Amino acid sequence: MPKFTIDHSSSHSAEEAYKKIKEFLSNDQDIRRFDPKIQCSFDDGTKCANLKGSQFKADMTVATAGAGSKVSVTVDLPLMLTPFKGKVTETLQRKLAKYLG
């Protein structure tokens with residue numbers, strides 16, 4: 001399965017960014033369009049999230065970076081869905097920018 005990583009820097013603190021990421025992953029319907037069976041698990045202590053769907057897996061981490069934070073998303077797509085990598089990347093970047101500024 002091909003993996004790729006998307007990094008996003010935010011001026012929000014790591015704690016605030018993590019809360020916004022939890023809200024995004026719990027409520028946003030655009031992510032559910034990729035896979036309606038997606039399950040999200042959160043680890044508040046390490047500010048990490050794991051997403052598992054029938055079609056893909058992803059891990060998201062939030063870390064302090066200077067005065068703000070850095071969000072890293074590593075997506076693991078099956079080989080047959082590699083043509084959709086661009087659309088997945090675009091959607092994630094757009095959503096991270098919307099929720100984290």
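Up top you'll find the structure we're talking about.
Predicted model only: the values in this text are computed from it and were never measured. The residue numbering used here restarts from 1 in each chain and proceeds along that chain's sequence as written. Only residues with pLDDT of at least 70 get local features here, since the model is predicted, and only at 80 or more are side-chain atom pairs given and counted; chain-wide, interface and lining totals rely on the full set of residues. Side-chain calculation: all heavy atoms of the structure are included, whereas hydrogens and water are not.

(A) Quick look at the pairing of strand E2 (residues 39-43). Two strands pair if DSSP finds at least two bridges between them. Strands here are runs of E lasting at least two residues and helices are runs of H or I lasting at least four, both read from the DSSP assignment and numbered beginning at the N terminus. As defined by bridge partners, E2 adjoins strand E3 (residues 48-52) across 5 bridges and the pair is classed as antiparallel. By the bridge assignment, Asp43 is partnered in E3 with Cys48. What sits between E2 and E3 in their antiparallel hairpin is a turn of 4 residues, with Lys47 showing a positive phi close to 55°.

(B) Examining the pairing of strand E5 (residues 68-76) more closely. Burial runs high along E5: 7 of the 9 residues are buried. Bridge count between strand E1 (residues 3-10) and E5: 8 bridges; the pairing is antiparallel. Across the sheet, His8 pairs through a bridge with Val71, a residue of E5. Pairing of strand E4 (residues 57-65) with E5 involves 9 bridges; the strand directions are antiparallel. Counterpart to Ala58 in the pairing with E5 is Val75. Residue exposure (1.4 Å probe, protein chains only): buried if accessible area is under 20% of the type maximum, exposed if over 50%, otherwise partly exposed.

(C) Local environment of the nonpolar core. Counting 26 residues, the largest nonpolar core has Ile21, Val71, Val75 and Leu92 as the members making the most contacts within it. Elements that contribute at least two residues to this core include exactly E1, helix H1 (14-27), E3, E4, E5 and helix H3 (85-100). At 6 residues, H1 tops the list of elements feeding residues into this core. Excluding residues that lie within four positions of it along the chain, Leu92 makes contacts with Ile6, Phe24, Ile31, Val73 and Val75. The criterion is simple. A nonpolar core is a set of buried Ala, Val, Leu, Ile, Met, Phe, Trp, Tyr and Cys residues joined through side-chain atoms within 4.5 Å. Should any heavy atoms of two residues lie within 4.5 Å, those residues are counted as being in contact.

(D) Focus on the pattern of salt bridges. Any carboxyl oxygen of Asp or Glu that lies within 4 Å of a side-chain nitrogen of Lys or Arg is treated as forming a salt bridge with it. Per the counting criterion, the structure on display carries 4 salt bridges. Two residues, Asp7 and Lys70, come together in a salt bridge whose shortest N-O distance is 3.9 Å. Of this pair, Asp7 sits in strand E1 while Lys70 sits in strand E5, placing them 63 residues apart in sequence. Where Lys22 meets Asp44, a salt bridge forms, and the shortest distance between an N and an O atom there is 3.1 Å. Here Lys22 is found in helix H1, whereas its partner Asp44 is found in the loop between E2 and E3, with 22 residues between them in sequence.

(E) Molecular detail of the sheet that holds E3. Pairing in this open sheet of 5 strands is antiparallel, and the strands run E1-E5-E4-E3-E2 from one edge to the other. In the strand order of this sheet, the two ends are held by E1 and E2, each with one partner. Across the sheet, the mean angle from the axis of one strand to that of its neighbour is 15°, orientation sign disregarded. Relative to E4, E3 runs antiparallel, the two being bridged by 5 bridges. Paired with Ala49 across the strands is Met60, a residue of E4. Helix axes use the C-alpha atoms of the stretch in contact, all axes being lines fitted to C-alpha atoms, and the angles between their N-to-C directions lie in the range 0 to 180 degrees. Lying over the sheet, H1 contacts E2, E3, E4 and E5, oriented at roughly 160° with respect to E4. Sheet strands in contact with H3 are E1 and E5, and its direction is about 20° off that of E1.

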